[in-house]
Amino acid sequence: MGSHPDSMPAPATPAGRDGLDAILTRPTRAVIALDFDGTLAPIVPDPDQARAHPDAVPALAALAPKVASVAVITGRPAGVAVRYGGFAGVPGLEHLVVLGHYGAERWDAVSGTVTAPAPHPGVAAVRAELPGFLDKIGAWQGTWIEEKGRAVAVHTRRASDPQAAFEALREPLTDLAARHGLIVEPGRMVLELRPPGMDKGVALLEYVREIGAESVLYAGDDLGDLPAFAAVDKLRSEGVPGLLVCSGSSEVAELADRADLVVDGPAGVVRLLSTLAAQLG
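**A short note on the layout of surface pockets**
- Estimates place the volume of the largest pocket at around 160 Å³.
- Taken together, 14 residues form the lining of the largest pocket, with His101, Ala104, Arg150, Pro195 and Pro196 sitting closest to its centre.
- Considered class by class, the residues forming the lining of the largest pocket number nine nonpolar, two polar and three charged.

This is the structure in structure tokens:
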């Protein structure tokens, strides 16, 4: 991050440097978009225990008034991300937006309410079938199901070989999801069965265009963030500079390879946000 607390890290790519320069030059036209788990909050064995890094909210509150918008884009329900992040009622975050379930839900700090479409019927069907399905294919031991409201996730982090369990489950869960009109979203030792049509890339593109932003920063940590990285590439091709940040993890080398800047997990993301806020005065 540099030897001086106010020194900005240098992106490794020309496109990333252009993106950072555009944000610094015209911050009031910039959108800062961030994933939650693994980016603002450390990854923990039990997702229900995940909480934002202790310095995340102060960093966001310092930065948000200086840019066009700050948005959290997450696979979690929007209300859960708001609670676990501690985002509600924070001075400086009066205009924060949380796009939950990959953009299917939206929480605005202005209203303090969540808006969302009706649930997909396939989620209820998969929820009912999944325990017996995992037992039948011999994958119950070491895996567990997370209820996410508009989605259901199967975690393998507690298995004796988490990566092997993840790979073994990927195809059968994809088949199960397809039978019920759903798709599988892979993450860090987790496979989420959810409705199609929305991903973090779609959510990011729609929000950037809604705001009329002229530059964008996106930070993420896992495979579910690749569509958002692709969305920034698309915006760049349309003349909107962007900076891609990877909240570094050895588990997801593909994301780090695509990033303009790799930082040291949520602590590194928080330092970057704080430094950016300081640079903007």
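Additional details are given in the paragraphs that follow.
**Description of the pattern of salt bridges**
- Within this structure, the stated rule accounts for 18 salt bridges.
- The salt bridge partner of Asp233 is Arg258, with a shortest N-O separation of 3.0 Å. Placement of the pair is Asp233 in helix α7 (residues 226–237) and Arg258 in helix α8 (residues 253–258), with a sequence separation of 25 residues.
- The class of Arg258 is partly exposed, set by a relative accessible area of 33%.
- Linked through salt bridges whose partners overlap, the residues forming this network are Asp233, Arg236, Arg258 and Asp260.

**Things to note about the nonpolar core**
- Counting residues in each nonpolar core, the largest one holds 44 residues, and the members touching the most others are Ile32, Leu34, Leu40, Phe87, Leu93, Val98 and Leu273.
- With 27 residues, the next largest nonpolar core counts Leu204, Leu205, Leu235 and Val252 among its residues.

**Observations regarding the sheet that holds strand β6 (residues 144–147)**
- As summarised here, the arrangement of the four strands in space is β6-β7-β9-β8, forming an open sheet in which the pairing is antiparallel. Looking at the sheet topology across the chains shown, the edges are occupied by β6 and β8 (183–186). Geometrically, the sheet is characterised by an average inter-axis angle of 25° between neighbouring strands, direction not taken into account.
- Strand direction decides the pairing type here: β8 and strand β9 (residues 190–194), joined by four bridges, are antiparallel. In the strand pairing of β9, Ile183 is matched with Arg194.
- Sitting on the sheet, helix α4 (residues 121–136) is in contact with β6, β7 (152–155) and β9, with an inclination near 25° to β7.
- Packing of helix α5 (residues 162–179) onto the sheet brings it into contact with β7, β8 and β9, and relative to β9 it is tilted by some 5°.

**Thoughts on the sheet that holds strand β12 (residues 261–263)**
- Pairing within the open sheet is mixed, and its eight strands lie in the order β5-β4-β3-β2-β1-β10-β11-β12. Two strands lie at the open edges of the sheet, namely β5 (113–115) and β12, each paired on one side alone. Ignoring strand direction, the axes of neighbouring strands in this sheet form an average angle of 20°.
- Across five bridges, the pairing between strand β1 (residues 30–34) and strand β10 (residues 215–220) is parallel. Each residue of the ladder has a partner; that of Ile32, found in β10, is Leu217.

**Quick notes on empty space enclosed by the protein**
- Evaluated as defined, the whole model comprises one cavity of 30 Å³ or more.
- Estimates place the volume of the largest cavity at around 430 Å³.
- What lines the largest cavity is a set of 27 residues, and nearest its centre among them are Asp37, Lys148, His155, Val190 and Asp222.
- Counting residues per element, the ones that place at least two in the lining of the largest cavity are β6, β8 and β9.

**Description of the packing of aromatic side chains**
- Counted according to the given criterion, the structure contains two aromatic pairs.
- Taking the centre distance of 6.1 Å and the plane angle of 85° together, the rings of Phe36 and Phe87 count as edge-to-face. On the criterion of sequence distance, the pair formed by Phe36 in the loop between β1 and α2 (56–63) and Phe87 in the loop between α3 (78–85) and β3 (97–100) is long-range, its members being 51 residues apart.
- Using a relative accessible area of 1% as the deciding quantity, one classes Phe87 as buried.
- Each ring, one from Tyr218 and one from Phe229, has its centre 6.2 Å from the other, and the planes form 85°; the classification is edge-to-face. In this pair, Tyr218 is assigned in strand β10 and Phe229 in helix α7, connecting sequence segments 11 residues apart. Across the pair, Phe229 and Tyr218 agree in class, each one buried.

**A closer look at α4**
- Helix length check: α4, at 16 residues, gives a terminal C-alpha distance of 23 Å against a target of 22 Å (1.5 Å per residue), a fit within 8%.
- Roughly 45° is the biggest bend found in α4, and it falls at Leu130, with proline Pro131 one to four residues downstream.
- On its buried face, α4 sits against β6, β7, α5 and β9.
- Following α4 by one or two positions, Gly138 adopts a phi angle in the positive range, close to 75°.

Parameters at a glance
Residues numbered from 1 in each chain as written. Predicted model: local features only at pLDDT ≥ 70, side-chain atom pairs only at ≥ 80, totals over all residues. Heavy atoms only, no water. 1 Å grid on protein atoms, 1.4 Å probe; cavity = no way out; pocket = protein on both sides within 12 Å on 5 of 7 lines; lining within 4 Å. Points joined across faces, edges and corners; volume = space filled by probe spheres on them. Nonpolar A, V, L, I, M, F, W, Y, C, P; charged D, E, K, R; others polar. Salt bridge = Lys/Arg side-chain N within 4 Å of Asp/Glu carboxyl O. Helix = DSSP H or I, 4+ residues; strand = E, 2+ residues; numbered from the N terminus. Buried < 20%, exposed > 50% of the residue type's maximum accessible area, 1.4 Å probe, protein only. Core = buried A, V, L, I, M, F, W, Y, C linked by side-chain atoms within 4.5 Å. Pairing = 2+ DSSP bridges. Axes fitted to C-alpha atoms, helices over the stretch in contact; angles between N-to-C directions. Contact = heavy atoms within 4.5 Å. Phe/Tyr/Trp six-rings, centres within 6.5 Å; stacked < 30°, edge-to-face > 60°. Expected span 1.5 Å × (residues − 1). Bend = angle between axes of the 7 residues up to and from the residue.

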